[in-house]
Amino acid sequence: QVQLVESGGGLVQAGGSLRLSCAASGRFFSRYTMGWFRQAPGKEREFVAAISWGGGNTYYADSVKGRFTIPRDNAKNTVYLKMNSLKPEDTAVYYCAAAYLSLHSPPLRADLGSWGQGTLVTVSS
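So, here's what we can say about the structure. (Residues numbered from 1 in each chain as written. Predicted model: local features only at pLDDT ≥ 70, side-chain atom pairs only at ≥ 80, totals over all residues. Heavy atoms only, no water.)

A short note on the pattern of salt bridges
It is possible for side chains of opposite charge to pair when their charged atoms get near one another.
Then comes step 1: Evaluation of the coordinates by the stated rule reveals four salt bridges.
Then comes step 2: The shortest N-O distance in the salt bridge between D90 and R38 comes to 2.9 Å. Within this pair, whereas D90 is found in the loop between β9 (78-83) and β10 (92-99), its partner R38 is found in strand β4 (residues 33-39), the two being separated by 52 residues in sequence. This pair shows no difference in class: D90 is buried, exactly as R38 is.
Then comes step 3: Among the salt bridges present, the one from D90 reaches R67, with a minimum N-O distance of 2.8 Å. Placement of D90 in the loop between β9 and β10 and of R67 in the loop between β6 (58-60) and β7 (68-69) is noted, with a sequence separation of 23 residues between them. Of the two residues, D90 and R67, both sit in the buried class. (Salt bridge = Lys/Arg side-chain N within 4 Å of Asp/Glu carboxyl O. Helix = DSSP H or I, 4+ residues; strand = E, 2+ residues; numbered from the N terminus. Buried < 20%, exposed > 50% of the residue type's maximum accessible area, 1.4 Å probe, protein only.)

Following this line, the structure appears as structure tokens:
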């Protein structure tokens, strides 16, 4: 198990950028698939992006493709979500998640066993 702590959320204007960070503690971070999900008010938690343990495979929700990227730094036990061209509909609580599994397709929420507490991103129009 890894413990996850997100940071970097805040208020940004439409068209702006933010970088979220997810710091992991625990052993063997470099062996974990990492993902970002988000939950807007009144909506289900949805997949945003995921990256395999070595960084060779990445997946993105169609709604964020071309705007978001999910790099990871295994030396720092950290995964990021770089968000550009933000839209009001990106407003949500963003959650970092981890799983000890091979990534060959976008993960389901149930596939990921460790979750952070979330960080709020608000995009104003």
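Regarding the state of the cysteines
Then comes step 1: Taken as a whole and assessed by the stated rule, the structure comprises one disulfide.
Then comes step 2: At a sulfur-sulfur separation of 2.0 Å, the disulfide partner of C22 is C96. Between C22 and C96, the S-S dihedral sits near -80°, and the bridge is therefore left-handed. Of this pair, C22 sits in strand β3 (residues 18-25) while C96 is found in strand β10, placing the two residues 74 residues apart along the sequence.
Then comes step 3: Among the residues examined, C22 registers a relative accessible area of 0% and is labelled buried.
Then comes step 4: For C96, a relative accessible area of 0% gives the class buried. (Disulfide = S-S within 2.5 Å.)

Quick notes on the nonpolar core
Then comes step 1: M34, W36, L81, M83 and Y94 are the most contacted members of the largest nonpolar core, which has 37 residues in total.
Then comes step 2: Mapped by element, the contributors of at least two residues to this core are β3, β4, β5 (46-51), β9, β10 and β12 (119-124).
Then comes step 3: Among the elements that line this core, the one with the most residues is β10, at six residues.
Then comes step 4: Here Y94 is in contact with E6, L20, W36, F37, R38, V48, F68, L81, M83, G118, T119 and V121, once residues within four sequence places are set aside. (Core = buried A, V, L, I, M, F, W, Y, C linked by side-chain atoms within 4.5 Å. Contact = heavy atoms within 4.5 Å.)

Description of the packing of aromatic side chains
Then comes step 1: Under the criterion given, the structure shown has three aromatic pairs.
Then comes step 2: Here F37 and F47 contribute two aromatic rings whose centre-to-centre distance is 5.7 Å and whose plane-to-plane angle is 75°, an arrangement assigned as edge-to-face. Of the two residues, F37 is situated in strand β4 and F47 in strand β5; the sequence distance between them amounts to 10 residues. Each member of the pair, F37 as well as F47, is classed as buried.
Then comes step 3: Ring geometry for F37 against W115: centres 5.2 Å apart, planes inclined by 70°, an arrangement best described as edge-to-face. Within this pair, whereas F37 is found in strand β4, its partner W115 is found in strand β11 (residues 114-115), the two being separated by 78 residues in sequence.
Then comes step 4: You can call F37 buried: its relative accessible area is 2%.
Then comes step 5: An aromatic cluster is built from F37, F47 and W115, whose rings are joined through pairwise contacts.
Then comes step 6: Here the guanidinium or amino end of R45 rests over the ring plane of Y95, the centre of that ring lying 3.6 Å away.
Then comes step 7: When the ring centre of W115 is taken as origin, the NZ or CZ atom of R45, which lies over that ring, is 5.1 Å away. (Phe/Tyr/Trp six-rings, centres within 6.5 Å; stacked < 30°, edge-to-face > 60°. Lys NZ or Arg CZ within 6 Å of the ring centre and 35° of its normal.)

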